Each structure stands twice: as structure tokens, then as C-alpha cells.
Amino acid sequence: MYYKTIKKNEVGRFLDGLLAEYTVVAPVRKNGVVGFDAIQSGEEAILDFSNTTASPKGVLMPQLETLLSARAGEEEAVEHTGMRKPVVLFGARPCDARAFMFLDRVFNDGIARDVYYGNRRDALLIVSLGCTRTRDTCFCTTTGGGPLSTQGSDAMLVEQGDGYTVHVITAGGAELMNSRGLSDAHEGVGEEIRKLALQITAEIDPPVDLSELKTSLDNSFDTAAWQTLTEKCLSCGVCTYLCPTCHCFDIADEDNIGVKVRNRIWDSCQFPGFTMQASGFNPRPTYRERHRQRIMHKFSYCDDNHHMTGCVGCGRCVLECPVNLDIRRVLGSFRGRNGG
Amino acid sequence: MNPTDCSNRIAEEAGRLLTEGTVDVVIGFEKGSLPMRSTPCFVRTPQDSGKLVWNSFCSSNLSRYLKQFPGKVGIVAKGCDTRALVELIKEKQVNRESLVVIGVPCRGMIDGAGVLERCDGKRVSDVEERDDELVITGDSFRITLARGDFLHPACRVCFTGNPVLFDVLIGEKVQEQARDCYHDVSDFESRSPGDRWAYIMSEMDRCIRCYACRNACPLCYCGECFADATRPQWVGRGATGTDTLAFHVMRSMHLAGRCVECGACRAACPTKVDIRTLNRKISSDIARLFDYRPGLRIDQPAPLSSFKPDDSEEFILER
Amino acid sequence: MDSSHDGWEPRIIAFLCNWCSYAGADLAGVGRLQYPASIRIIRVPCSGRISPFFILSAFRKGADGVLVSGCHPGDCHYISGNYSARRKFALLKGLLEHVGLEEGRVHFTWISASEGGKFADVIGRVTETVRGLGPANQLVGKQWRA
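A. Main features of the overall build of chain A. The helix and strand tally for chain A stands at 11 helices and 12 strands. Taken against the 2.2 N^0.38 rule, which gives 20 Å for 340 residues, the C-alpha radius of gyration of chain A at 21 Å falls within 12% of a compact globule. Overall, the C-alpha framework of chain A stretches about 65 × 65 × 40 Å when taken along its three principal axes. Relative to its full complement of 340 residues, chain A shows a buried share of 43%. A fraction of 72% describes how many contacts in chain A between residues 6 or more apart in sequence connect residues 24 or more apart.

B. The overall build of chain B, seen in detail. Scanning chain B for helices and strands turns up 10 helices and nine strands. A compact globule built from 319 residues would reach a C-alpha radius of gyration of about 20 Å, and chain B, at 20 Å, matches this within 12%. By principal-axis analysis of the C-alpha atoms, chain B measures approximately 65 × 50 × 40 Å. Relative to its full complement of 319 residues, chain B shows a buried share of 50%. When contacts within chain B are restricted to residue pairs at least 6 apart in sequence, those whose partners lie at least 24 apart make up 68%.

C. Spatial organisation of the domain arrangement of chain B. Residue and element names in this part refer to chain B. Domain assignment breaks chain B into domain 1 (3–111 + 151–300) and domain 2 (112–150). For domain 1 and domain 2, the distance between their C-alpha centroids amounts to 25 Å. Each partner contributes to the interface: domain 1 provides 10 residues, whereas domain 2 provides 12 residues.

D. Fine view of the sheet that holds strand β5 (residues 78–79) of chain A. Residues and elements named next belong to chain A. Read across the open sheet, the four strands follow the order β5-β4-β12-β11; overall the sheet is antiparallel. The outermost strands of the open sheet, each flanked by one partner alone, are β5 and β11 (249–256). In the sheet, β11 pairs with strand β12 (residues 259–266) via eight bridges, with the strands oriented antiparallel. Considered in β12, the bridge of E254 is made with V261.

E. Structural detail: the packing of helix α6 (residues 193–206) of chain B against helix α8 (residues 241–254) of chain B. Residues and elements named next belong to chain B. It is the contact of α6 with α8, at a shortest axis distance of 9 Å, that shows an interaxial angle of 95°. Our classification of the angle between α6 and α8 gives roughly perpendicular. For the pair α6 and α8, contact is made by I200, M201, M204 and D205 and by G241, T244, L245 and H248, respectively. Here the residues of the contact of α6 with α8 are counted per class, giving four nonpolar, three polar and one charged.

F. Layout of the domain arrangement of chain A. All names here are of chain A. Per the domain assignment, the segments of chain A are domain 1 (2–54 + 81–201) and domain 2 (210–246 + 269–332). Taken together, the contacts link 21 residues of domain 1 with 17 residues of domain 2. Partitioned by chemical class, the residues of the side of domain 1 that touches domain 2 number nine nonpolar, seven polar and five charged.

G. Up close: unusual backbone geometry. Of the consecutive residues B:R231 and B:P232, the connecting peptide bond is found in the cis state with omega at 0°. One can find B:P232 in the loop between α7 (212–216) and α8. A positive phi angle, close to 50°, is found at A:S179, a residue other than glycine. For A:S179, the location among the structural elements is in the loop between α4 (171–177) and β10 (183–184).

H. Layout of the sheet that holds strand β3 (residues 65–70) of chain C. All names here are of chain C. Taken together, four strands build an open sheet; the order of strands is β2-β1-β3-β4 and the sheet is parallel. Either end of the sheet is taken by a strand with one partner, and the two such strands are β2 (39–44) and β4 (106–110). Mean inter-strand twist for the sheet, computed between neighbouring axes without regard to direction, equals 20°. Direction of pairing for β3 relative to β4: parallel, over a ladder of five bridges. In the sheet register, S69 faces β4, and the bridge partner there is T109. Strands β1 (12–17), β2 and β3 of the sheet are contacted by helix α1 (residues 21–30), whose axis makes an angle of about 115° with β1.

I. Looking closely at the environment of A:M177. Residues and elements named next belong to chain A. Tracing the chain through its elements places M177 in helix α4. Since 21 C-beta atoms lie within 10 Å of it, M177 is described here as buried. Along the primary structure M177 and H167 are separated by 10 residues, whereas in three dimensions their C-alpha atoms are 9.5 Å apart. Setting aside residues no more than four positions away along its own chain, M177 makes contact with K4, A155, V166, V168 and L182.

J. Quick peek at the interface of chain C and chain A. The interface is formed by four residues belonging to chain C together with five residues belonging to chain A. Taken together, the residues of the side of chain C that touches chain A sort by class into one nonpolar, two polar and one charged.

K. Region of the structure containing the interface of chain B and chain C. Tallying the contact residues gives 34 residues for chain B and 36 residues for chain C. Top contributing element to the side of chain B that touches chain C by residue count: α8(B), with eight residues. Considering only residue class, the side of chain B that touches chain C consists of 21 nonpolar, five polar and eight charged.

L. Representation of the environment of B:S312. Locating B:S312 in the fold gives a position in the segment after α10 (276–290). Among the residues examined, B:S312 registers 14 C-beta atoms within 10 Å and is labelled partly exposed. Distance in space between the C-alpha atoms of B:S312 and B:G138 is 56 Å, their sequence separation being 174 residues. Ignoring any residue separated from it by four or fewer positions in sequence, one finds B:S312 in contact with B:L289 and C:A90.

M. Molecular detail of the pairing of strand β5 (residues 99–104) of chain B. Residue and element names in this part refer to chain B. Of all six residues in β5, five are buried; the element is thus mostly enclosed. Strand direction decides the pairing type here: strand β4 (residues 73–78) and β5, joined by six bridges, are parallel. Counterpart to A77 in the pairing with β5 is G103. As for the winding sense of the linkage, the β-α-β connection from β4 through helix α2 (residues 79–90) to β5 is right-handed. When β5 meets strand β9 (residues 168–169), the two strands line up parallel, connected through two bridges. Paired with I102 across the bridge in β9 is V168.

N. Quick look at helix α9 (residues 287–306) of chain A. Residue and element names in this part refer to chain A. Of all the bends in α9, the largest measures some 50° and sits at H297. Where α9 is concerned, the buried positions are Y287, R290, H291, R292, R294, I295, K298, F299, S300 and C302. Downstream of α9 by one or two residues, H307 has phi in the positive range, about 55°.

O. Quick peek at the packing of α8(B) against α10(B). Residue and element names in this part refer to chain B. Put simply, α8 and α10 touch, their axes get as near as 9 Å, and they point 35° apart. For α8 against α10, the interelement crossing comes out right-handed. On α10, the residues touching H248, V249 and S252 of α8 are L278, N279 and I282. For the contact of α8 with α10, the residue count by class is three nonpolar, three polar and no charged.

P. Representation of the pairing of strand β6 (residues 87–92) of chain A. Residue and element names in this part refer to chain A. With five of its six residues buried, β6 lies for the most part within the structure. With three bridges joining them, strand β2 (residues 23–30) and β6 adopt parallel strand pairing. Its bridge partner lying in β6, V24 is registered against V88. Both β6 and strand β7 (residues 124–129) contribute to a ladder of five bridges, which runs parallel. Bridge pairing links V88 to L125 in β7.

Parameters and conventions
- Residues numbered from 1 in each chain as written.
- Chains lettered and ligands numbered in written order.
- Predicted model: local features only at pLDDT ≥ 70, side-chain atom pairs only at ≥ 80, totals over all residues.
- Helix = DSSP H or I, 4+ residues; strand = E, 2+ residues; numbered from the N terminus.
- Rg over C-alpha atoms; globule rule 2.2 N^0.38 Å.
- Buried ≥ 20, exposed ≤ 12 C-beta atoms within 10 Å, placed from the backbone.
- Contact = placed C-beta atoms within 7 Å.
- Domains from an automatic or database assignment.
- Pairing = 2+ DSSP bridges.
- Axes fitted to C-alpha atoms, helices over the stretch in contact; angles between N-to-C directions.
- Parallel < 35°, antiparallel > 145°, perpendicular 65-115°, else oblique.
- Nonpolar A, V, L, I, M, F, W, Y, C, P; charged D, E, K, R; others polar.
- Right-handed = clockwise from strand over helix to strand, strands pointing away.
- Bend = angle between axes of the 7 residues up to and from the residue.
- Left-handed = near helix turned anticlockwise from the far one by under 90°.

Dropping the structure here:
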């Protein structure tokens, strides 16, 4: 763990250097929307943004991923399980970096390894961009993260003056930062960053006790309040698709013009068809059951299954929900409840 | 009428309807959890009617919720919302007799995201609406913006700010903008096909297939949407440019003659895809070819459920 | 658009209504009229049965062109099916052109049961138009291309 430094106007060139060996996925602005995309040159990346609309989870779990494909006339189907070329995810916020730690627990928990996710993960290095400003939708501290948290990152940039202090965290991060012409940071920068973290954290609403909340939720499965709390929900997929920890998927077989493919595509527990059974029965027929599922999964079941809350407090669902169904308000009505 | 007076009048009206038992629930808006957001709310008791607000951030089309409320319903509706009501009544999805429409004349809704961008990411603590201005106060700043610069795209071309159907009208009618401005469509069509294709595909590439557009639309009420059907499968479900285009083309064809251009779709879209270009093209053709505009009169048959013997054949290769 | 694709022949899906256009095609056959072997006919009861989905699906599956043909207005076996079709297709054609789909890929005609000659002519015209445009790939996703 050590610190280097880079000037803002050197970042483009630094990324150009990385591009020689890695695919670099960085924040870019297209038609007014900021999102992660593979860049062809360092100058495309922007670091002057609050957070991207969609999370960077697509780097490990693309919206559509072909698992198998077969062409007419060929004997064997092709399994797309090959090793991946190295990728650097550059500029993800600490909440998003932390979300990859959660996804690792789902897709590679030591017992079962999803080969598609796993191969991409093995090839990924994450250089995050620490938060020196927050949005009024941020609640990372509640979920165990923080604006300058290093969890999940191989290196982290922290804006200081006209440049960034580069906190080199893992061996992978060192590989990226060494021998690329970055200067060493000055003495005491670690302490400066710790102080900065406290300052920024004060901008965020104080953390809520999630284990207390879990108990309350576990006792409230059948409460009538779910109906009124969720009745404006549109059952679209905005919250789940933008979420850095949501990971539900469907397997879709399609064929066309002599090619058959088996794709993995994103799915959402908010879609009505998500739990539709072949008989036509749907155990989650309305927004009430589906939205309850979302809350319970993230703030109770994930703790049970993965020993980590299924939310990193990035606030995208709060910001982008078309009807402003605020997850914090839903949770707030369960705090201090004893069920019923 | 300024937002505060509007809100009070709506709350009064809702309280009265609930007290008298004329309706079981009033669908309206309450203050959102973020600046420049209002959020749908469902008021069931007179005491709760005080929650109801009205301002320039009420962009959702509340008609979308009617099907989840059987029984007698009050609904707060701006111009475009009432046009959706007309279509829903025409399609027998909603009973006129069980509705009390609290109509609110509208000068257009503000796109809060656009305002936030102008504030450079600084936190906003208060927004005051003053006639044609927005006064934004926040983290050590205060700016005044011209309302007209921040309207949702659908509102810029709206010609029905006044409710077309209502039982109660809140405040005075507003001056309507010029009618039937489809310049955006003709401007787009003056570009070369290659240019248009490139634009459309770059918009489609931004779509993540979250279906917020479809689910926010009051006229998209099918029990099973074609996009979710697997036998047969009409469109792939992945967010690939061509499948996404097929989804939006088909959805806009399904909305042909029914889309009231409320813009709820675009307002709901998290990546701001220009979906409306398709609906605008169809609306413009329907206006030109069949002299019809959706959602204005219950007694006007829908254009795709009717025909004239001398309908245009300009597109036919051989007659 | 360059039309010199070696060995490529346009593949055009023709949706023909059973009572008029399909019968017209049949008449062309009976009369031994020559027309390009580029079309694959899908017989439907009425042009009003044709959903815009069919047309889009044809392109998604690699068709180079689509022809839709029904009874002349006023002659529909089901009275008004083709009137509905006329409105629907006017809008669909406009929309497809609006998004920049190459003009000349989709065609609509009225061909009656007695118009065998017209049928052969139409197929000839449509085939040449589509041949001039080359293979269609705008609506074929990247994952399907060779």
C-alpha cells in the first residue's frame, strides 16, 4: 500500500499507455449521458462526473452474453468459456468497486464458480475514483462502504488539487501503476486522505443499523404496509438494471439464419414474468410481492446467503426510479418495527 | 394558478370527494424524496388529502394506475393525462362513470435532470416556481432559470395543456401553444437515410431494455406484452441494437393512433433514449393521412379501427 | 449501392392474401408467365391478417425484401380487411423509412385473382429494385452474421 500522484492533464496519456496492454473501460459522456464504455484513446475518458447512469457490472456480466453457439453444418457447439483479455475498469466509484466483491460471492463463492463471470473476473483490474463530493442519493456508509473506501479496488484515485493521489492497494494495482512515469506522493498523504474521508462522510446521512433492520424485515413479511408502500411501482427494471449488485439473469435460446445461440441476459425480479410458472400460476403476481422480494432479498436474504448486504448504497435506484419509489423511505418504515 | 394554490385546491377537492364518499381513492402526486421530483400517491382518507401537491415536476401520467383501482376513483390529470383517459375510456379499459377527473391546466413539466446538470452537480435544496422562472437554491448558490429552457421534450410540442375531459377544473385554462407542430418530424426526415439510421441506432444502443417506457405508458396495458412472449418470439430480449429497434418499432406501431404524446416514456427512461421520434412520426402521419389526433374526443373512432374508402394509397407500388 | 454481389440472388418474402393475390400468382403459374424465382410466398387469409411483426421478422431473419399484396380495396373477401391493412401499412412503411431502412425493401400492392400478368410484372419490378440495393443486413443483428 503506497501512494503515487498524477496530474489531471496526464491521465489521458496514462490511459493511452494502459491501452497498449489492456482493454480500458472508463466513464464516457455520450449524448449527455455518462456511462462506462471501452475507450480507444485516453482522452475519451472523463473523471468529472458524479456517477454513471448504469453501473459497471456489465464488465463482468454483460446485458447479453453468448454462452454457447452452434452453426448449421458444424459438428460441435462452441462454448464461450475461453480466458479473457485483460481489462482495466477505470473510474468506478468506491460503491461500485465494492459491489464487485458482492458479485464475487454470488458467482464465485469457493464452492461454485460461474465460468463466464469467473474468467472475466480473473482478467479484471479495478482502478476506482474516490468520492470527494456526494449526491443526496448516496448512502454507502449505511451498507458498510464509504466515499473513499478501498474495498474491491486494486488502486484508487483521490482528487487533490490539480491532480489525483493514486492509492495503490493490491499487487494488481501495483502492476498498473509502476513503471508508468507516476511520481511518488508526498509524505503524510495517507493521513490527509483519512481526514478527507471523515469530512466527506459527514455529508452523507448517518448510517442505519442494518442488522436491526433485517430483524424487523424478517418479522414483517406479511404486513399490510407492503401494499401501500409499493403501489406506485411500475414493475419495470430500472432499479435492478442500474443496480451494481443486482445479478438475476435468464437463459434465452434463440436461433436465426442457421445459427443457434444460448444467451444469458439480464432479468429482473420486478418483471411480472420473472416468477411465472409453466402452469400459468405466478407466486408474485403484483408489484406488492415483487417489490417486497427486492427489499427482502437485498436486506435480509443476501445476508443469510452471502454474508454481505445486497446493496452498496450507490443511490442509482433512488435517482432514476421513474416514480421516485425511494428504497430509503421503504426501509425507513421498517426501522424500529417489531413486525405485524 | 401558482403551485401552492393549485396544491391547496386539489387537496380541498380530494378531501371533499373522499368525505362525501364519491370516490374510494384519489390518485395524485405528493412531494418526492428528492428536489424537483413529485411522486404518485394514492389518498384514501380525507385527512391524507393534505399530502397532495401540484407543481411542474408532475410528469408521470397517472392514468397508468387506473387499472389497479376498480371502484370509484378520483384522478388528478393534466392535459395529456386526460387524453390518455379518453383513449382508455374508448377502449373500455376504464369506466367514465366511476371516474372523477380533477383537471389541471398545464404549462409543461420541467425536466429536473436538465436543471441539475445546469447546477454542476451541486446539491439543490429548494426550487421556487415564479411564473416563467425557476429559482434554484442550493449548496452556496442561487440561480434563476427560464422555465421554458427546461421543459421535457414532449411538453415543448404539446397543444393540449388544458384537460380535454374533467369534472373539476383547477384554476384558469392556459394559453395553448401552436397546434400540430410536427417540425421535429419533417426536420428529421430532411436528413439522409444513412444519417437517420445512424442516429436511430445510436439511440437504440443506449436502451437497456428495462421497459420503463412501456410500464410508464398508460396505453401499454396488455396482460402479456409481445416483448415478453416466447412462443412465438418476435423480438430477442437482449439489448442488441437491432432487437431493441424491433421492440421500439413494434411498440410504437401498437400505439399508433393511441399514443397521446404525454412523454411519460421519455421521462421514465434512465438513459434518455429518443423513443418519441418513432411515435411522433406515426402521429404526424395519422394527422396528415387520416385527420385524426388521439385522445381528444371519446366519440371519435380510433384510426386503426376504422377506415375511409378513399384513404391514401401513396405508399402502394401498384394499384 | 453496388449490385455486383457474386452469385447472390435476392430473397424476397411475399405475403399474399389467399383470395386475390395468391390466386393471381397461381394464374401466372397456370399461364406459364415467367418471373424471377426470388420470392418465397406465404399465404395468408387476408392482407388485414398481416401484422407488422411479420414484416420485421422477415428482415430479422435475413430477407432482402418483403412484398405484401392483397385484394383491391372494395374487393376484400372479408369486406374490410384490406382497408385496415391499408391504414396499417401506410404507417409502417412511413415508420420504416423514417428510421432509415433502405427505401425499396418493402412493397405493397393490390393484385386481384385475374391479374396473373400484373403479378409477374410486380415480382419482376420488386426483384430488380431489391437486386439494386444488394443484400439486406440492417435488421440482422451482429450476433447472427457470419
